[in-house]
Amino acid sequence: MWEFVDPAEVASIWAYRTQPERFYAWIRPLVEKLERAKPNPAHEALARLEHMGIIKWIITQNIDSLHQQAGSTHVLEVHGHTRTATCMECGYQMSTEGLWEEVKRGHIPPRCPKCGGLMKPDVVLFGELLPPEALVRAQEVSLQADIMLVAGSSLEVMPAADLPFLARRRGSKIIIVNLGPTTADHLAEVVLRGDVAQILPRLADLVLELREQH
């Protein structure tokens, strides 16, 4: 996402207020990819573990709603999502289904149907606070966890990256599945290096086998 652009210039709240057209020109191809995207085996494995009662909550920094599409129901989206947008002037909130169609037709920036203000997708831009309700709930469930599974994150973006440390301070055991090293590897009982789309389905299968044996 950031290979050819400066995030502060296209995906910060300050840039959005001054150059919303540039933001929408940048995010339009990303949204088109998200609309075509389907849950992968990792999303499906996490949904299976939730349905088994093993996973109580999913805390995600992703904005693509793929966990819900895979069947997960207890999802905390700490970086927001693209399903709705909110007017920066009057606070009116609406579904983005029609908004994205307008953007793809080049009608940017989209305007509020109530007051004419700028409509902003409900994703967290650089310089914005995380959604307080989602963040506080994510901290609460981290403190309640017996085990925290960290999957597909290098744990570099705060404050979400602090959640495994918060869980560990309350005695939670940590399992990390990631292609590369993370900042919490030294805290973990188990570290698995590899693709989450390959490892998590195997993990779900093993949990199911153990449950059936007992």
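This structure is a prediction, so every number in the text was calculated from the model and none was measured.

K.L.:
Residues and numbers for the environment of leucine 99, please.
P.N.:
One can find leucine 99 in helix 6 (residues 97-104). With 22 residues separating them in the primary sequence, leucine 99 and proline 121 have C-alpha atoms 9.2 Å apart. When neighbours within four sequence positions are excluded, leucine 99 is seen to be in contact with Tyr24, Ala85, Pro110 and Met119.

K.L.:
Could you give me a rundown of the packing of aromatic side chains, with the residues and numbers involved?
P.N.:
Using the criterion set out here, one finds 5 aromatic pairs in the structure. Ring centres of tyrosine 16 and phenylalanine 23 lie 5.1 Å apart, and the angle between their planes is 80°; this geometry places the pair in the edge-to-face category. Of the two residues, tyrosine 16 and phenylalanine 23, both sit in the buried class. Taken together, the aromatic side chains of Tyr16, Phe23, Tyr24, Trp26 and Trp100 make up a single cluster linked through ring pairs.

K.L.:
I'd love a proper account of the environment of glutamate 89, names of residues and values included.
P.N.:
Take glutamate 89: it is sitting in the loop between strand 3 (80-87) and strand 4 (93-95). Given the relative accessible area of 62%, glutamate 89 is considered exposed. When the C-alpha positions of glutamate 89 and proline 29 are compared, they lie 26 Å apart, and in sequence the two are 60 residues distant. In contact with glutamate 89, other than residues within four places in its own chain, are Cys115, Gly117 and Leu118.

K.L.:
Break down the packing of helix 3 (residues 20-36) against helix 6 for me, citing the residues and quoting the values.
P.N.:
Where helix 3 contacts helix 6, the axes come no closer than 10 Å and their chain directions differ by 120°. Put simply, helix 3 runs oblique to helix 6. Relative to helix 6, helix 3 is oriented so that their crossing is left-handed. Judged by residue contacts, Tyr24, Ile27, Arg28, Val31, Glu32 and Glu35 of helix 3 engage Leu99, Trp100, Val103 and Lys104 from helix 6. Split into classes, the residues belonging to the contact of helix 3 with helix 6 amount to 6 nonpolar, no polar and 4 charged.

K.L.:
Account for the side chain of aspartate 185, naming residues and giving values.
P.N.:
Summarising the element assignment, aspartate 185 is placed in the loop between strand 7 (173-178) and strand 8 (190-193). Of the residues examined, aspartate 185 reaches a relative accessible area of 18% and is grouped as buried. Apart from residues lying up to four places away in sequence, aspartate 185 is in contact with Ile176, Val191 and Arg193.

K.L.:
Any chance you could break down the sheet that holds strand 4 for me, citing the residues and the numbers?
P.N.:
The strand order 4-3-5 describes an open sheet built from 3 strands, whose pairing is antiparallel. Unpaired on one side and paired on the other, strand 4 and strand 5 (119-123) mark the two borders of the sheet. The mean inter-strand angle of the sheet, taken between neighbouring strand axes irrespective of direction, is 40°. Across 3 bridges, strand 3 lies against strand 4 in antiparallel orientation. If you follow threonine 86 over to strand 4, its bridge partner there is glutamine 93.

Cut-offs applied
- Residues numbered from 1 in each chain as written.
- Predicted model: local features only at pLDDT ≥ 70, side-chain atom pairs only at ≥ 80, totals over all residues.
- Heavy atoms only, no water.
- Helix = DSSP H or I, 4+ residues; strand = E, 2+ residues; numbered from the N terminus.
- Contact = heavy atoms within 4.5 Å.
- Phe/Tyr/Trp six-rings, centres within 6.5 Å; stacked < 30°, edge-to-face > 60°.
- Buried < 20%, exposed > 50% of the residue type's maximum accessible area, 1.4 Å probe, protein only.
- Axes fitted to C-alpha atoms, helices over the stretch in contact; angles between N-to-C directions.
- Parallel < 35°, antiparallel > 145°, perpendicular 65-115°, else oblique.
- Left-handed = near helix turned anticlockwise from the far one by under 90°.
- Nonpolar A, V, L, I, M, F, W, Y, C, P; charged D, E, K, R; others polar.
- Pairing = 2+ DSSP bridges.

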